[in-house]
Amino acid sequence: MIVCKSPSELELMHAANQVVATVRDEVVERVAPGVTTGDLDSFAEARVRELGGVPAFKGYRGFPATLCLSLNEEVVHGIPSAERRLAPGDILGIDLGVKLDGYYGDSAITVPVGAVEPEVSRLLEVTEGSLQAAIRQCQSGNRVGDISSAVQLHVEAQGFSIVRDFVGHGIGKSLHEDPQVPNFGDPGIGPRLRPGMVLAIEPMVNMGQAGVEVLDDGWTAVATDRRPSAHFEHSVAITEEGPWVLSLAEQSVVAGTAGR
Ligand code: MG
Ligand code: MG
């Protein structure tokens, strides 16, 4: 069942997603060679709690951390560790979910650590571009398949592969709600988009083949061919006026305290 949110609920979801955006971007600022993924996770958990939120992933089906941190060939669901130290040329996927006042926010970004190979840089640009193409389809009256198709066309035109084992999702009072939002498929099919729907759209793109496998830790999904993979995600509300990207960083919120 797809739950549409009232305008006041959308405001609460915006608030939850602004905590996500703030902490996500503060984590990005701390990404540097020598930093461990465990360091980044500790920082993120403290900041989420300072801002009044609760980490949404920690304890979710037993996941042990606030952030999913996925390096290089890791697609999603990497577990932060004091043993994993970032090195120049790496790419790091940062995925953060927060619960605030009963509603969830969810967003992800993949960033380079120092300088990366041009083809890796292109992978990041294309994956982020596919998310933007998806957001443009978030119009009332369109269908979920229009979003899926936009991602797939954008990525495959650039010669990369869509991961099919994981999909985006509705979000609200639960972290994962209906509908599923695949990153592949035909336009014009699937549930119709209505004002008040909120979708976490999250393309996962492999440089090589699409296949993924889960490591023995039970969480970390890696590209089977061990080539790099990227992941970007925003929580997007459908409104009469068009897409509202709830997890887009708003300078006024981040700088809010300083500006007053
Ligand atoms: Mg996420
Ligand atoms: Mg998600």
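Just so it is clear, the model here is predicted, and its values are computed rather than measured.

Peer 1: How should the coordination of the magnesium ion (ligand 1) be read in this particular structure?
Peer 2: Distances from the magnesium ion (ligand 1) to its protein donors, Asp95 (OD), Asp95 (OD), Asp106 (OD) and Glu233 (OE), fall at 2.0 to 2.7 Å. All donors to the magnesium ion (ligand 1) come from one chain, and their sequence spacing reads D-x10-D-x126-E. In this structure, the magnesium ion (ligand 1) is positioned 3.2 Å from the magnesium ion (ligand 2), and both are ligated by Asp106. Taken together, the residues span a long stretch of sequence, with Asp95 in strand 4 (residues 91-100) and Glu233 in the loop between strand 13 (229-231) and strand 14 (234-239) at a distance of 138 residues. With a relative accessible area of 7%, Asp95 lands in the buried category.

Peer 1: What is the right way to read the coordination of the magnesium ion (ligand 2) from this model?
Peer 2: Metal coordination angles have textbook ideals: 109.5 degrees for a tetrahedral set of four donors and 90 or 180 degrees for an octahedral set of six. Surrounding the magnesium ion (ligand 2) are the protein donor atoms Asp106 (OD), His169 (NE2), Glu202 (OE) and Glu233 (OE), which sit 2.1 to 2.3 Å from the metal. Expressed as a motif, the donor residue spacing for the magnesium ion (ligand 2) is D-x62-H-x32-E-x30-E. On the accessibility criterion, His169 (5% relative accessible area) is buried.

Peer 1: How should I be thinking about the pairing of strand 9 (residues 198-201) in this particular structure?
Peer 2: Along a regular strand, successive side chains alternate from one face of the sheet to the other. Neither face of strand 9 is open: one carries Val198 and Ala200, the other Leu199 and Ile201, and all of them are buried. Pairing of strand 7 (residues 168-170) with strand 9, which is carried by 2 bridges, proceeds in the antiparallel orientation. Bridging from a neighbouring strand, Gly170 pairs with Leu199 of strand 9. Pairing of strand 9 with strand 14, which is carried by 4 bridges, proceeds in the antiparallel orientation. The residue bridging Ile201 from the neighbouring strand is His234, located in strand 14.

The rules behind these values
Residues numbered from 1 in each chain as written. Chains lettered and ligands numbered in written order. Predicted model: local features only at pLDDT ≥ 70, side-chain atom pairs only at ≥ 80, totals over all residues. Heavy atoms only, no water. Donors = N, O, S within 2.8 Å, 3.2 Å for Na, K, Ca; no water. Helix = DSSP H or I, 4+ residues; strand = E, 2+ residues; numbered from the N terminus. Buried < 20%, exposed > 50% of the residue type's maximum accessible area, 1.4 Å probe, protein only. Pairing = 2+ DSSP bridges.

On their own, these measurements won't tell you what the molecule is for.
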